[in-house]
Amino acid sequence: MTGLAMLFAAAFGAATLLPLQSEIVFAALQLQGETPVGWLIVVASLGNTLGALVNYALGRQVDRFSSRRWFPVKPQQMARAQAWFARWGVWTLLLSWAPLGDAVTLVAGAMRTPVWLFLLLVAIAKTLRYIALAALTAGLLA
């Protein structure tokens, strides 16, 4: 698997509910210097945004499964999350890069956020995150 394919897979998986991280792959590839940093940012941002879209799709289906006994989120927890999202709005998707960002993207799906708006805000957040990571790796923000 090429470096960019590994980065895409790591970034995609990291944006889902899976416990993966893409920062190490990104930084390692950047430090190798074989791939232009712009391509690293594009590939990581695209993978991470598409991974968040998986959470969004799961959120769109949450009503189908929320009453099942095996479902990991209790109805009260989901109601709290939906109230929080309703209060703070779609702008919380700009925090989708943060540790609890996966939950925000799932709730956005459950709240039926328009997919174009979801993709726009998440792509901005994810891209800015990888730009900052590239700057940190290069020692520009030390």
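Above this text sits the structure in question.
All values derive from a computational prediction rather than experimental measurement.

**Q** What is the right way to read the nonpolar core from this model?
**A** Looking at soluble globular proteins, one finds that nonpolar side chains tend to be buried together. The biggest cluster of nonpolar side chains holds 13 residues, and the ones touching the most others in it are Phe85, Val90, Leu93 and Phe118. Only α3 (37-60), α6 (101-110) and α7 (115-137) provide two or more residues apiece to this core. If one sorts the elements of this core by residue count, α7 sits on top with four residues. Setting aside chain neighbours within four positions, we find Val90 in contact with Phe85, Thr113, Leu117 and Leu121. Membership of the second largest hydrophobic core comes to eleven residues, among which are Leu7, Ala11, Ile41 and Val43.

**Q** Is there a simple way to think about the pattern of salt bridges in this case?
**A** Oppositely charged side chains may form a pair once their charged atoms are brought near each other. Enumeration over the complete set of coordinates arrives at one salt bridge. The salt bridge partner of Arg129 is Glu23, with a shortest N-O separation of 1.9 Å. Taken together, the residues Arg129 in helix α7 and Glu23 in helix α2 (residues 23-32) connect sequence positions 106 residues apart. Given a relative accessible area of 24%, Glu23 falls into the partly exposed group.

**Q** I keep staring at the packing of helix α1 (residues 3-15) against α2 and nothing clicks. Help me out?
**A** Helices that pack against each other are described as a pair by the angle of their axes relative to one another and the distance between those axes. Across the interface, α1 lies against α2 with an axial gap of 9 Å and an inter-helix angle of 155°. One element, α1, and the other, α2, form an angle in the roughly antiparallel class. As α1 packs across α2, the resulting crossing turns out to be left-handed. Note on element contacts: α2 touches α1 through Val25, Phe26 and Leu29, opposite Gly3, Leu4, Met6, Leu7 and Ala10. Taken together, the residues of the contact of α1 with α2 sort by class into seven nonpolar, one polar and no charged.

**Q** Can you walk me through α2 in this structure?
**A** Note: α-helices contain 3.6 residues per turn, so residues at a spacing of three or four share the same orientation. For α2, the full list of buried residues reads Phe26, Ala27, Leu29 and Gln30. The buried residues of α2 occupy an angular sector of 165° when the element is viewed end-on, so they sit on one face. Looking at α2, the residues exposed on the side facing more than 90 degrees away from the buried face are Ile24, Leu31 and Gln32. Taken from the residues just after α2, Gly33 is the one with a positive phi, measuring 75°.

**Q** I would appreciate a short explanation of the packing of aromatic side chains in the present structure.
**A** How two aromatic rings sit relative to each other is set out by the distance from centre to centre and by the angle between their planes. Per the counting criterion, the structure on display carries three aromatic pairs. Pairing Phe8 with Phe12 gives two aromatic rings, centres 6.2 Å apart and planes at 25°, and the pair type is stacked. Of this pair, Phe8 and Phe12 are both found in helix α1, four residues apart, which corresponds to roughly one turn of the helix. Here Arg129 stacks its cationic end above the ring of Tyr130, 4.9 Å away from the centre of that ring.

**Q** Can you help me understand α1 in this one?
**A** Taking 1.5 Å as the rise per residue, α1 with 13 residues should run 18 Å; its terminal C-alpha atoms sit 18 Å apart, in good agreement. In this fold, the buried residues of α1 make contact with α2, α3, α6 and α7.

**Q** I would appreciate a short explanation of unusual backbone geometry in the present structure.
**A** For residues that are not glycine, phi is negative in most cases, and the peptide bond is trans in most cases. With a phi angle near 60°, Arg112 is a residue other than glycine that sits in the positive phi range. Its location among the elements puts Arg112 in the loop between α6 and α7. Residue Arg112 is classed as partly exposed on the basis of its relative accessible area of 40%.

What counts, and at which threshold
Residues numbered from 1 in each chain as written. Predicted model: local features only at pLDDT ≥ 70, side-chain atom pairs only at ≥ 80, totals over all residues. Heavy atoms only, no water. Core = buried A, V, L, I, M, F, W, Y, C linked by side-chain atoms within 4.5 Å. Buried < 20%, exposed > 50% of the residue type's maximum accessible area, 1.4 Å probe, protein only. Helix = DSSP H or I, 4+ residues; strand = E, 2+ residues; numbered from the N terminus. Contact = heavy atoms within 4.5 Å. Salt bridge = Lys/Arg side-chain N within 4 Å of Asp/Glu carboxyl O. Axes fitted to C-alpha atoms, helices over the stretch in contact; angles between N-to-C directions. Parallel < 35°, antiparallel > 145°, perpendicular 65-115°, else oblique. Left-handed = near helix turned anticlockwise from the far one by under 90°. Nonpolar A, V, L, I, M, F, W, Y, C, P; charged D, E, K, R; others polar. Arc of directions from axis to C-beta. Phe/Tyr/Trp six-rings, centres within 6.5 Å; stacked < 30°, edge-to-face > 60°. Lys NZ or Arg CZ within 6 Å of the ring centre and 35° of its normal. Expected span 1.5 Å × (residues − 1).

So far we have only geometry, and geometry alone does not tell us how the molecule works.
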